[in-house]
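Structure at a glance
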Amino acid sequence: MSVHNTHSEHIDSETGKLGMWIFLFTELFLFGGLFLVYAVFRAKYSAEFHLAAGELNAFIGTMNTVFLLFSSMTVAMSLTAIQKGDRKLALFLVFVTILLAGLFMVNKYFEWSHKFEYGIYPGSEVLKNMSHGELLFFGLYYMMTGLHALHVLVGMVLLSINVVKIRSGSVNSDHYLMLENSALYWHLVDLIWIFLFPLLYLIT
Amino acid sequence: MFTGASNLADGVDKAFLFIFIIAFIFIIGISAFMIWTLIHFSRKKGKAPMQFSGSMKLEVVWTVIPTILVLLMFWIGWKGFAPMRRVPPDAMRVTAIGRMWEWEFVYQDSMRSKELVLPINKPVKLDLVSEDINHSLFIPAFRVKEDVIPGYDNWLWFTPNYIGDYEILCTEYCGLLHSAMIAKTRIVEQEEFDKWLADLRTASFIPDPEGLVLLRGTGCLACHSLDGAKLVGPSFRGFYGSQRIVTSGNTQKTITADDEYLISSIYNPDEQIVEGYSRGLMQSYRGLLNESDISIIAEYLKTLNGENQ
Amino acid sequence: MKHEDKHISSYSSLAIVLAVLLLLTAFSVWITGFHFGAFTVAVALIIASVKVATVLINFMHLKFENLFLRLLVTGVFVMFALVVILTFVDYYFR
Amino acid sequence: MSISGSETQVSYLEYQGKHKGIWSWLLSTDHKRIGLLYLYAIIIFFFVAAFLGLLMRIELIAPGRTIMEPQTYNGLFTIHGIIMIFVIVIPGLAAVFGNFFLPILIGARDVAFPKLNLFSWYLYMIGAILGVLSQFIGGGAPDTGWTFYVPYSVESSTNVIYALTAAFILGFSSILTGLNFIVTIHRMRAPGMGWMRMPLFPWALYATAWIQVLATPIVGITLLMVIAERVLNIGFFDPALGGDPVLFQHLFWIYSHPAVYIMILPAMGIVTEIFPTFSQKPVFGYGAIVLSSLAIAFVGYFVWGHHMFTSGMSYNARWFFSFLTFIVAVPSAIKVFNWISTMYGGSIDLKPPLLYAISFIFLFMIGGFTGLVLGSLATNVQTHDTAFVMAHFHYIIFGGMGFAFFAAIHYWAPKMFGRMYNFRLAYIAWGFNFIGFNMLYFPLFIVGLQGMPRRAYDYLPQFQSGHVLSTIGSFILFAGLLLMVYNLIRGARKGAVAPANPWKGVTLEWKIPSPPPHENFDDLPEITSKPYLFGNISDNK
Ligand code: HEA
Ligand code: HEA
Ligand code: CUA
Ligand SMILES: [Cu+2]
């Protein structure tokens with residue numbers, strides 16, 4: 001335990017990591033609230049949920065799952081690389097991660113704008129004419145994927161900061177807490193999606 | 001308080017009594033013990049403090065005893081409560097409608113009354129219907145309460161034991177006049193009840209003007225009176241065709257209350273505020289009333305202007 | 001003291017984990033083609049849980065962490081499950 | 001163990017860091033200064049909210065209109081509730097005394113993430129100010145009650161969105177503080193301080209912090225959903241669109257019940273510090289108190305349904321939640337018994353902090369037992385949402401957490417400011433507070449049993465006598481509070497200089513000078529024994 005110099009700027013890595021994990025717990029419960037709402041409405045309107053999920057494009061969903069899983073691996077590898085002192089490779093891998101995240105967002109953009117074209121968005125006329133269960137499904141869909149997309153964006157920002165820090169050398173093979181924590185965060189984004197994907201896309 | 005006027009009161013009061021007695025014993029006992037300790041072990045007496053720091057035996061004792069006591073409390077509470085969820089099949093059914101901020105009771109699907117009149121010693125089941133937001137129907141003397149929630153088929157039941165008048169209150173906060181959402185329940189002999197119901201039936205056969213039905217059904221009358229009384233909003237009496245002083249934005253102007261004004265008052269109530277009232281109280285009824293409804297209402301409002309009322 | 005607890009996952013092991021995850025994904029997409037009725041959700045959730053566990057253990061290095069953190073993570077999931085179950089004590093019996 | 005933190009270091013109050021003047025406070029990452037920032041903010045907000053409470057009391061002195069319109073009244077109790085709950089009692093003890101004393105009690109120089117700590121304070125201020133502002137700007141004060149029940153909170157045309165956002169931000173601040181404390185306790189304990197050598201206030205904070213971290217996000221997302229519902233008309237909670245108003249109540253109480261233990265656990269921790277010191281005796285049942293803190297935090301997570309017994313929940317859910325509610329009372333009972341046993345056999349010095357701590361037990365018992373009345377299914381039907389509930393939670397929050405706050409400030413003020421307040425005034429103020437408090441809230445139990453609903457601007461004439469008593473009580477309390485605050489402020493500025501250890505305490509904060517130096521300790525202390533060992537001081541046995 002490093003007890004000698006707690007006022008210094010460097011937070012030791014165990015401490016920082018524990019902080020991150022606890023933060024991730026709060027994120028889990030944040031989405032947990034939505035999952036609970038999903039569960040209740042799903043139990044109440046299971047037939048309508050089936051119907052509405054049919055409107056979603058399972059292919060795009062699967063694509064996005066693959067992007068996120070891939071990016072999870074690349075960010076984990078970049079951590080390996082930085083630990084081994086391979087700065088170039090680490091930089092490259094973080095870069096690939098950001099790229100995959102970007103692809104995810106592009107996909108999301110098309111998916112959402114497609115829905116908007118059909119007039120399916122919160123409060124729209126089309127939705128109002130649907131059954132209650134479908135309406136709630138889409139409400140949840142937007143709320144959950146929207147919040148998730150927000151987390152993807154935050155993750156991208158975090159990773160970009162890492163790019164700068166790896167370049168400048170302040171993230172290096174001795175001090176990589178920042179990258180480690182960003183990776184943890186990124187994996188969480190992946191975790192949430194792993195649950196979202198079957199619940200929203202695969203229940204047809 | 002212990003004048004339980006329904007069959008359910010007994011179970012509730014038993015639970016009250018049990019918990020209060022235990023609470024009393026513990027609160028008095030522990031307080032007395034503390035005061036005694038303060039005096040007996042006061043530093044002024046100069047005794048050296050003992051240095052013990054725990055006792056497994058005592059910990060077990062004061063874990064087990066409270067556990068037993070709370071389980072007893074739970075049990076008695078549950079026993080007192082369980083009958084509230086077991087309606088006798090022959091219970092009479094009345095629908096209780098809660099809306100901002102009044103109660104209405106519907107007998108046999110069609111006869112409406114502002115008062116809950118019930119025959120003595122006969123179980124009654126109230127089906128609770130909300131027309132807008134959450135309310136909660138509470139009759140303190142009967143020890144019954146259940147929330148009235150839109151979209152939910154909540155209910156409660158009881159058998160009244162004594163003749164008399166009792167208050168019905170709303171205990172779920174429901175906005176502006178929540179505290180005024182009060183009605184009466186009148187418990188009467190069976191014969192009197194039958195007569196009252198027959199009267200209600202004949203009264204219900206004279207159909208109300210369609211506009212009145214709309215106003216009542218939409219809940220307007222909670223805020224607007226028909227007799228000139230000032231409630232939350234201006235009275236409807238003498239309203240139609242009169243000159244209204246309204247503020248829209250920062251300018252004050254005088255408008256004639258015609259159909260157009262009526263429509264804008266109902267759809268955009270916050271746009272033109274009548275002098276002496278504040279904005280934000282009336283909600284827009286767009287979607288609840290369409291334009292043909294409003295013209296029916298307008299017809300009815302015209303009849304409120306004097307002689308024929 | 002920093003270096004002694006520096007556990008490094010090898011590139012190949014990470015790649016294998018990804019392969020497993022992709023396989024599981026493919027499996028869950030494939031299996032929705034069949035209709036198990038009420039079990040569809042259960043199956044989907046079980047697969048998702050396996051995937052999540054895989055990510056937690058391998059990508060998030062839980063396998064290198066101390067027992068306390070591992071218990072904590074499990075505890076948090078259990079806690080959430082209990083909340084859901086309790087809520088359904090209401091909804092299921094309504 | 002010698003007194004560390006020598007005279008070579010200046011106190012945290014005089015310490016000059018990078019910044020000067022006011023900025024040396026507003027940009028300070030010193031946990032002690034942040035603690036004081038919270039303290040000042042909380043006192044100001046308390047007076048604002050208490051003043052609103054006083055206005056309500058005046059309104060309620062007679063049925064019908066007394067001094068205000070119903071809409072004003074509805075706004076008052078909403079803002080009163082929101083400020084009291086989210087701005088004062090939830091952060092309250094943890095943010096003020098936790099920040100100030102947690103690192104000292106565990107022998108650390110600061111919390112684990114000092115910058116995050118300051119950030120939490122800023123979030124807190126933004127949320128709190130937004131909450132207060134929502135009373136005055138735009139479409140009128142929010143009028144939903146602090147519980148924001150849908151559908152009304154979706155329909156009300158007042159500033160509900162501001163209030164929701166304020167609560168959301170405050171929740172975020174609370175999460176970050178909790179996170180900081182957990183990590184601090186895990187990673188920063190002084191060498192030799194094993195878990196079972198940690199004082200009990202940090203233990204209480206530890207249990208609290210877990211609730212903050214694991215429960216608050218749920219209310220966060222719930223408030224977001226209500227905002228989305230208002231802005232986008234999504235329909236989660238709107239029965240007209242298939243939504244479910246009771247689901248909101250579940251989500252809200254999944255957080256807000258654990259939140260009441262966020263309020264009371266630190267209070268329990270504080271009195272647990274006070275009893276040993278003023279009895280000069282080790283705390284009785286250290287292990288039992290630790291376990292009961294953790295048990296309250298854990299079981300408290302699963303009893304939220306007791307706020308919804310009459311909402312049309314399923315029969316099974318009702319009795320199950322009632323059962324769990326009773327179970328969670330047992331650890332509280334264990335604590336009470338351990339406290340009084342701590343005093344038994346001691347050498348008791350009835351100084352103001354102890355007086356407040358004992359009043360805490362008394363008021364907490366009344367609040368707790370009436371909680372049991374509410375938790376029992378049969379009696380809940382009669383008392384739910386009546387003045388009885390009002391009395392219950394004022395007893396347990398104000399009487400419990402509030403009096404513990406007063407105990408804490410009388411206990412630690414000499415340490416925090418290095419000066420002593422006047423005891424005589426403190427005793428007199430206590431008298432006013434105690435009598436005023438009971439007079440203010442006890443009648444409400446009776447009025448509640450008679451059936452008076454809460455959140456009621458107007459009431460039936462038969463409830464009046466209780467209300468008159470209550471209003472008189474509120475003025476007595478008002479006088480007492482003013483006197484107490486005056487005494488404390490005067491003491492902090494002009495009082496006699498306090499010694500390092502005025503109460504002969506043995507926990508770490510008493511081993512450093514008053515006020516503590518900037519770095520707390522010159523050399524981090526080595527812990528070699530359990531806490532609360534008075535033997536080596538009073539030298540008996
Ligand atoms: C600090 C806050 C705090 C605390 C600690 C508690 C503690 C408890 N509360 Fe309270 N409660 C609130 C704050 C708090 N409450 C608030 C704010 C509300 C209203 C919310 C709203 O609607 O606005 C509320 C409402 C509330 C309700 C809902 C009422 C309703 O609206 O219908 C219920 C019902 O069960 C309840 C129960 C309890 C119980 C059983 C405890 C227990 O934990 C108490 C345990 C304590 C004791 C039992 C006393 C000490 C023990 C002894 C002296 C030893 C002997 C003991 C035995 C033999 C058992 N509370
Ligand atoms: C920490 C929690 C806390 C505290 C300390 C208090 C303190 C007080 N509260 Fe409380 N109250 C709540 C939390 C709290 N309240 C909550 C959560 C609700 C529920 C809200 C809801 O229903 O949504 C509530 C509701 C509530 C109601 C019920 C409204 C209703 O249901 O109709 C009332 C009514 O009397 C009331 C009164 C008071 C009073 C008189 C005090 C007094 O004890 C205050 C004591 C202080 C003073 C008497 C004055 C102090 C000094 C000054 C004011 C100095 C002057 C300063 C300036 C001029 C700046 N409160
Ligand atoms: Cu209806 Cu309160
Ligand atoms: Cu509770």
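Predicted model, so just to flag it, every value in this text is computed and none were measured.

Thoughts on the coordination of the iron atom of ligand 1
Residues and elements named next belong to chain D. Inspection of the coordination sphere of the iron atom of ligand 1 shows a single protein donor, H392 (NE2), at 2.2 Å. Metal-to-metal, the separation of the iron atom of ligand 1 and the copper ion (ligand 4) is 4.5 Å. With respect to the element layout, H392 can be found in helix 14 (residues 387-417).

Looking at the site of ligand 2
All names here are of chain D. Close contacts around ligand 2 come from 33 residues, with Y73, H80, W146, H394 and R455 the closest. W146 is positioned with one of its backbone polar atoms (N or O) 2.8 Å from an oxygen atom of ligand 2. The separation between a nitrogen atom of ligand 2 and a polar side-chain atom of H394 is 2.7 Å. Elements with a contribution of two residues or more to the shell around ligand 2: helix 2 (31-59), helix 3 (70-89), helix 14, helix 15 (423-450) and helix 16 (464-494). In terms of residues, the shell around ligand 2 owes the most to one element, helix 2, which gives eight residues.

So, the pairing of strand 9 (residues 164-170) of chain B
Residue and element names in this part refer to chain B. Among the seven residues that make up strand 9, five are buried, leaving the element largely enclosed by the rest of the structure. Bridge count for strand 6 (residues 135-139) against strand 9 is two bridges, and the pairing is antiparallel. Bridged to L137 within strand 9 is C170. Note: strand 9 against strand 10 (residues 183-188), five bridges, orientation antiparallel. Its bridge partner being in strand 10, E167 is matched across the sheet by K184.

Considering the coordination of the copper ion (ligand 4)
Only H257 of chain D (ND1), H306 of chain D (NE2) and H307 of chain D (NE2) from the protein coordinate the copper ion (ligand 4), and they sit 1.8 to 2.1 Å from it. Written as a sequence motif, the donor residues of the copper ion (ligand 4) are H-x48-H-H.

Some words on the site of ligand 1
Taken together, 35 residues lie around ligand 1, and W146, Y261, H384, H392 and R454 of chain D are the ones closest in. Surrounding ligand 1 are residues belonging to chains B and D, so the site spans chains. Between an oxygen atom of ligand 1 and a main-chain N or O atom of L374 of chain D, the distance comes to 3.5 Å. Between ligand 1 and N380 of chain D, the relevant distance is 2.9 Å, taken from an oxygen atom to a side-chain nitrogen or oxygen of the residue. Listed by contribution, the elements that provide at least two residues to the shell around ligand 1 are helix 1 (9-40) and helix 2 (56-81) of chain B together with helix 9 (245-279), helix 11 (315-343), helix 12 (352-375) and helix 14 of chain D. Looking at side-chain class alone, the shell around ligand 1 contains 23 nonpolar, ten polar and two charged residues.

Some details on the interface of chain D and chain B
With 95 residues of chain D at the interface, the matching set in chain B holds 80 residues. Approximately 7,400 Å² of surface area, both sides summed, lies buried where chain D meets chain B, with 69% of it carried by carbon and sulfur atoms. Put simply, chain D and chain B have two salt bridges between them. Seen at the junction of chain D and chain B, the total is 26 residue pairs in polar contact (both at pLDDT 80 or more). At the level of elements, helix 3, helix 6 (152-155), helix 9, helix 11, helix 12, helix 13 (377-383), helix 15 and helix 17 (535-538) of chain D are the ones that each hand at least two residues to the side of chain D that touches chain B. No other element matches helix 11 of chain D, which puts 17 residues into the side of chain D that touches chain B. Classifying every residue of the side of chain D that touches chain B gives 49 nonpolar, 34 polar and twelve charged.

Comments concerning the packing of aromatic side chains
The final tally for this structure, using the stated rule, is 97 aromatic pairs over all chains. Aromatic side chains Y173 of chain B and Y152 of chain D sit 5.8 Å apart centroid to centroid with 90° between the ring planes, which places their arrangement in the edge-to-face category. Placement of Y173 of chain B in the loop between strand 9 and strand 10 and of Y152 of chain D in helix 6 is noted, with the two residues assigned to different chains. By the burial criterion, Y173 of chain B is buried, and Y152 of chain D matches it. Summarising the aromatic geometry, the rings of F298 of chain D and F302 of chain D are spaced 5.3 Å apart at their centres and angled 70° between planes, so their arrangement reads as edge-to-face. Using a relative accessible area of 7% as the deciding quantity, one classes F302 of chain D as buried. The ring centre of W75 of chain B lies 4.7 Å from the NZ or CZ of K79 of chain B, which sits over that ring.

Some thoughts on the nonpolar core
Core analysis: the largest hydrophobic core is formed by 387 residues, its most contacted members being Y107 and L137 of chain B together with F97 and F148 of chain D. The greatest single-element share of this core, amounting to 22 residues, is contributed by helix 14 of chain D. Look past the residues within four positions of F97 of chain D in its chain and what remains in contact with it is L102, F201, I270, F405, A408, I409, W412 and M416 of chain D. In this structure, C220, L262, Y285 and I297 of chain B belong to the second largest nonpolar core, which totals 23 residues.

Analysis parameters
Residues numbered from 1 in each chain as written. Chains lettered and ligands numbered in written order. Predicted model: local features only at pLDDT ≥ 70, side-chain atom pairs only at ≥ 80, totals over all residues. Heavy atoms only, no water. Donors = N, O, S within 2.8 Å, 3.2 Å for Na, K, Ca; no water. Helix = DSSP H or I, 4+ residues; strand = E, 2+ residues; numbered from the N terminus. Near = heavy atom within 4 Å. Polar contact = N/O pair within 3.5 Å; in protein donor to acceptor, adjacent residues only side chain to side chain. Buried < 20%, exposed > 50% of the residue type's maximum accessible area, 1.4 Å probe, protein only. Pairing = 2+ DSSP bridges. Nonpolar A, V, L, I, M, F, W, Y, C, P; charged D, E, K, R; others polar. Contact = heavy atoms within 4.5 Å. Buried area = accessible area lost by both parts, 1.4 Å probe. Salt bridge = Lys/Arg side-chain N within 4 Å of Asp/Glu carboxyl O. Phe/Tyr/Trp six-rings, centres within 6.5 Å; stacked < 30°, edge-to-face > 60°. Lys NZ or Arg CZ within 6 Å of the ring centre and 35° of its normal. Core = buried A, V, L, I, M, F, W, Y, C linked by side-chain atoms within 4.5 Å.

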